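Structural overview
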Amino acid sequence: KAGVTQTPRYLIKTRGQQVTLSCSPISGHRSVSWYQQTPGQGLQFLFEYFSETQRNKGNFPGRFSGRQFSNSRSEMNVSTLELGDSALYLCASSAGQGIYGYTFGSGTRLTVV
Amino acid sequence: DQQVKQNSPSLSVQEGRISILNCDYTNSMFDYFLWYKKYPAEGPTFLISISSIKDKNEDGRFTVFLNKSAKHLSLHIVPSQPGDSAVYFCAASNTGGFKTIFGAGTRLFVKA
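A few points on the structure.

Quick notes on the rules
Residues numbered from 1 in each chain as written. Chains lettered and ligands numbered in written order. Predicted model: local features only at pLDDT ≥ 70, side-chain atom pairs only at ≥ 80, totals over all residues. Heavy atoms only, no water. Disulfide = S-S within 2.5 Å. Helix = DSSP H or I, 4+ residues; strand = E, 2+ residues; numbered from the N terminus. Buried < 20%, exposed > 50% of the residue type's maximum accessible area, 1.4 Å probe, protein only. Patch = residues over 30% accessible without salt bridge, like charges linked within 9 Å, V, L, I, M, F, W, Y side chains within 5 Å. Areas by Shrake-Rupley, 256 points an atom, 1.4 Å probe, with all protein chains shown as cover. Salt bridge = Lys/Arg side-chain N within 4 Å of Asp/Glu carboxyl O.

**Here's the deal with the state of the cysteines**
Applying the stated criterion to the full structure yields two disulfides over all chains. The residue that forms a disulfide with A:Cys23 is A:Cys91, at a sulfur-sulfur distance of 1.8 Å. One quick way to see it: the torsion about the S-S bond of A:Cys23 and A:Cys91 is about -55°, and its sign makes the bridge left-handed. Of this pair, A:Cys23 sits in strand β3 (residues 19-24) while A:Cys91 sits in strand β9 (residues 87-94), and the two are 68 residues apart along the sequence. Under the relative-accessibility criterion, A:Cys23 is labelled buried at 0%. Across a sulfur-sulfur distance of 2.0 Å, B:Cys23 and B:Cys90 are joined as a disulfide pair. Taking the sign of the torsion about the S-S bond as the criterion, the disulfide between B:Cys23 and B:Cys90, at about -70°, is left-handed. Of this pair, B:Cys23 sits in strand β3 (residues 19-25) while B:Cys90 sits in strand β9 (residues 86-93); the two residues are 67 residues apart in sequence, bridging distant segments of the chain. Each member of the pair, B:Cys23 as well as B:Cys90, carries the same accessibility label: buried.

**Overview of a nonpolar patch on the surface**
All names here are of chain B. Taken together, the side chains of Ile18, Ile20 and Val78 make up a nonpolar region of the molecular surface, amounting to roughly 220 Å² of accessible area. Within the secondary structure, Ile18 sits in the loop between β2 (10-14) and β3. A relative accessible area of 41% means that Ile18 is categorised as partly exposed.

See below:
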């Protein structure tokens, strides 16, 4: 069975631009979570969606937003990009609550120049 | 607000010996704890977990210990193998919280 697919794998954007990242969860998984990974900071929680509803949100500015579609695919958007937004963005899916373990995608490496 | 802390950024161990990775947490509401392993250019993969009603869980070479009174958990890998060289993340969740909090990770080097 296919894993979690994130597109694109790599992205270079300029400060001030906006970006949309995509995540397709494992078939049947209805929960999708997004994390930002930066060196020394570990994985910082962005938000979690279940059946198109955001159930929880991390401590990120409003420039970071997301949504989930009826087929459980999810997108996250970052507007007005800053240099500090350069990071690996990871998507994770789970069948129910992710507390019993996520399956992660390989991530999207975003570089803001 | 670092609710999950991994205070050792890196650890180096000889092949065949025991690797012990440590993790501390501050939120007493956490009731489920997990370890993930991450290789470069890949997403983290789930390794082993433990519920707060237990103090030990074992899976092959991997054992996780939980000390609730100290708010501390550890991952033991015995025997360590070069293929275990990776970044290990400790994570914690609470039922109904809909999110998992991760530590900063510990990079394990297993020398042949």
